[in-house]
Amino acid sequence: WVNQVGAVAGAYVTGDRTSAITVTSNISFVQGTASNLVDGVDGSDTSSDAVQLPAVTTSGKYFRFDFGTATTFVEARHTSANTDTHGVFKWQGSNVADGASGYVDIGSSFTWGGVAQTHTELNGNSTAYRHYQLIGLSSSLSGNCWIREWEFKTDDTPATMETQLHGWAMNY
């Protein structure tokens, strides 16, 4: 019997990723620091595990994720403390060394928010970027909402399939 066994294309990168991802933002959080968004702790609304958003205008506000090397992400998800929405946002990618410029739009804009939201706007992304940013376009952040965690799904499509033989054979 011959069975084809292959990995599922892409997987979410989870757990404590603070040594692999540098998170920055131009939002002055009420509590917490940007690195809390990739520390692997979900379900805790404290200044050491999440960030508390202020009530400010969304336009031009961003969360930037520096992955150190160019990586292709096809989906992202976040968790938060409540169902508040935070305005219209868009994903962008850049390969400029410092990540301060050169951003290119990825997918369409969307309303960001909710207790848990999967960001499928990245599904069409086929370019590896070192820097990804979620940038606000309009409306305002909902004050007092805790954002707990961000996770990203890679496009690690297996290059080959592994063939495994199972069973036995008898020769006569």
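From a predicted model like this one, the values you see are computed outputs, not experimental measurements. (Residues numbered from 1 in each chain as written. Predicted model: local features only at pLDDT ≥ 70, side-chain atom pairs only at ≥ 80, totals over all residues. Heavy atoms only, no water.)

**Student:** For this particular structure, what's the right way to read the environment of Thr-24?
**Tutor:** Mapping Thr-24 onto the fold places it in strand β3 (residues 22-25). Once the C-alpha coordinates of Thr-24 and Asp-66 are considered, the two residues, 42 residues apart in sequence, prove to be 8.3 Å apart. Look past the residues within four positions of Thr-24 in its chain and what remains in contact with it is Ala-34, Tyr-62, Phe-63 and Arg-64. (Helix = DSSP H or I, 4+ residues; strand = E, 2+ residues; numbered from the N terminus. Contact = heavy atoms within 4.5 Å.)

**Student:** Quick question: what am I supposed to make of the pairing of strand β9 (residues 116-119) here?
**Tutor:** By the alternation rule, side chains of β9 split into Gln-117 and His-119, which are all buried, and Ala-116 and Thr-118, of which none is buried. Bridge count between strand β6 (residues 73-80) and β9: four bridges; the pairing is antiparallel. If you follow His-78 over to β9, its bridge partner there is Gln-117. (Buried < 20%, exposed > 50% of the residue type's maximum accessible area, 1.4 Å probe, protein only. Pairing = 2+ DSSP bridges.)

**Student:** Would you mind going over the sheet that holds strand β8 (residues 104-113) with me for this structure?
**Tutor:** Across a sheet, paired strands are connected by hydrogen bonds in the backbone, their directions being either parallel or antiparallel. Across the sheet, five strands lie side by side as β3-β5-β10-β7-β8; this open sheet has antiparallel pairing. Each edge of the open sheet is held by one strand with a lone partner, namely β3 and β8. Neighbour-to-neighbour, the strand axes of the sheet open up by a mean angle of 25 degrees, direction not taken into account. Where strand β7 (residues 85-94) lies against strand β10 (residues 129-138), seven bridges are found, and the strand directions are antiparallel. Looking at the pairing, Phe-89 lines up with Gly-136 of β10. (Axes fitted to C-alpha atoms, helices over the stretch in contact; angles between N-to-C directions.)

**Student:** Would you explain the side chain of Gln-133 in this entry?
**Tutor:** As for its placement among the helices and strands, Gln-133 is situated in strand β10. Within the local environment of Gln-133, its side chain forms a polar contact with the side chain of Arg-64, the two groups lying 2.7 Å apart. Of the polar contacts made by the side chain of Gln-133, one reaches the side chain of Gln-92; its length is 2.5 Å. Residues contacting Gln-133, with those up to four places away along its chain left out, are Tyr-62, Phe-63, Arg-64, Lys-90, Trp-91, Gln-92 and Tyr-103. (Polar contact = N/O pair within 3.5 Å; in protein donor to acceptor, adjacent residues only side chain to side chain.)

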